[in-house]
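So you can see what is in the structure, the chains are spelled out below.
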Amino acid sequence: MASASFLGLLVLVALVSAASAQLSPTFYDTSCPNAMSTIKSAVNAAVAQEARMGASLLRLHFHDCFVHGCDASVLLNDMNGEQFTAPNMKSLRGFGVIDNIKAQIEALCPQTVSCADILAVAARDSVVALGGPTWTVPLGRRDSTMSFPAEALTDLPAPTSSLQELIAAFKNKNNLDPTDMVALSGAHTIGQARCTTFRDHLGESNINSTFAASLRGICPAAQSASTDDNLAPLDVTTPNTFDNAYYSNLLSQRGLLHSDQELFNNGSTDNVVRNFASNPAAFSSAFATAMVKMGNISPLTGTQGQIRLSCSKVN
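Keep in mind that this is a model prediction, so the values were computed, not measured. (Residues numbered from 1 in each chain as written. Predicted model: local features only at pLDDT ≥ 70, side-chain atom pairs only at ≥ 80, totals over all residues. Heavy atoms only, no water.)

Attention now moves to the UniProt feature "binding site: heme b" (unreviewed entry) in the chain. Listed under "binding site: heme b" (unreviewed entry) in the UniProt record, and renumbered for this structure, are H188. Considering the arrangement of structural elements, one finds H188 in the loop between α8 (178–185) and β1 (192–194). The exposure class assigned to H188 is partly exposed, which follows from its relative accessible area of 25%. Every residue in contact with H188, bar those within four places of it in the chain, is listed here: L234, D235, Y246, L257 and D260. (UniProt positions renumbered as here; feature names shortened; annotations may be inferred. Helix = DSSP H or I, 4+ residues; strand = E, 2+ residues; numbered from the N terminus. Buried < 20%, exposed > 50% of the residue type's maximum accessible area, 1.4 Å probe, protein only. Contact = heavy atoms within 4.5 Å.)

Time to look at the state of the cysteines. According to the stated counting rule, one finds four disulfides in the structure shown. Residue pairing for C115: its cysteine sulfur links by disulfide to C311, the two sulfurs lying 2.1 Å apart. Taking the torsion about the sulfur-sulfur bond, which here is approximately -100°, the covalent link between C115 and C311 counts as left-handed. Here the residue C115 occupies a position in helix α5 (residues 115–129), and C311 occupies one in the segment after α14 (280–295), the gap between them amounting to 196 residues. A relative accessible area of 0% means that C115 is categorised as buried. With its bonded cysteines labelled in order along the sequence, the chain shows the pairing 1-4, 2-3, 5-8, 6-7. (Disulfide = S-S within 2.5 Å.)

Moving on, we come to the layout of surface pockets. Here the largest pocket defines a volume of roughly 980 Å³. If you go around the largest pocket, you meet 40 residues; those closest to its centre are R59, H63, P157, H188 and L257. Examining the composition of the lining of the largest pocket, we find that seven residues originate from one element, helix α3 (residues 52–65), more than from any other. For the lining of the largest pocket, a count of residues per class yields 25 nonpolar, nine polar and six charged. (1 Å grid on protein atoms, 1.4 Å probe; cavity = no way out; pocket = protein on both sides within 12 Å on 5 of 7 lines; lining within 4 Å. Points joined across faces, edges and corners; volume = space filled by probe spheres on them. Nonpolar A, V, L, I, M, F, W, Y, C, P; charged D, E, K, R; others polar.)

Quick look at the structure:
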């Protein structure tokens, strides 16, 4: 009997452990019922003040999840951390908005809502604020106590990536498939990019010549400190609206980044791009599905990590 009881206890422990690792959309319903509305109000205010902030908050979540999972490690303000690596420095923004949301939520429910969950919800609310689809965000992530700069250098897809490199980079993260990759790339229907990220693409053969010429005023061929940080919209058609115009742009070779145009360049994802360009509902559905999959990349749950009091530093 003793051994049977012990076995039963082991099964119970395993079940509890499995349950603690499961994210749930109702995670804060009792512990912090006003958390979601607080995040939404703050995001709406920030996006109303500056439309680009919606893209910046969405990108923060992406850059968090692709480096060691969705654990808010990207928010740690450490000179040797992720924020100061080449893919992120001078590029990531929105930290102040997240800090403001965190302060409001701490006042409501001390040390209850993680920064990682705030990022995930703020990304969704940013998309909605700019006219895009909504989705149910599973919650219960916890915050990392470390930053992972080496992984930021290796795991974040570069704007120079080939199609095969993009497919491989996404497959390595929760097995995101090529359709997920093309859908998530549609986040480039909003936001802006720095000249340094698209200068070389302007001289490539698979870009509309008129489009390239129009960008040379912002981003001349010669590298220069005075122009490197000049900005251009990733979607020249509707830069502040979350829609499917990004894919229509690719069909006419008006992808701003090399990695954008790789999605439609006589390769295996051409038909996915065509589908999203002609079918807004298909894109919205695929994007929502892919965002949930991305949000499930290696979350810390249960007693792992911590709930940071301030998103920029460990407790």
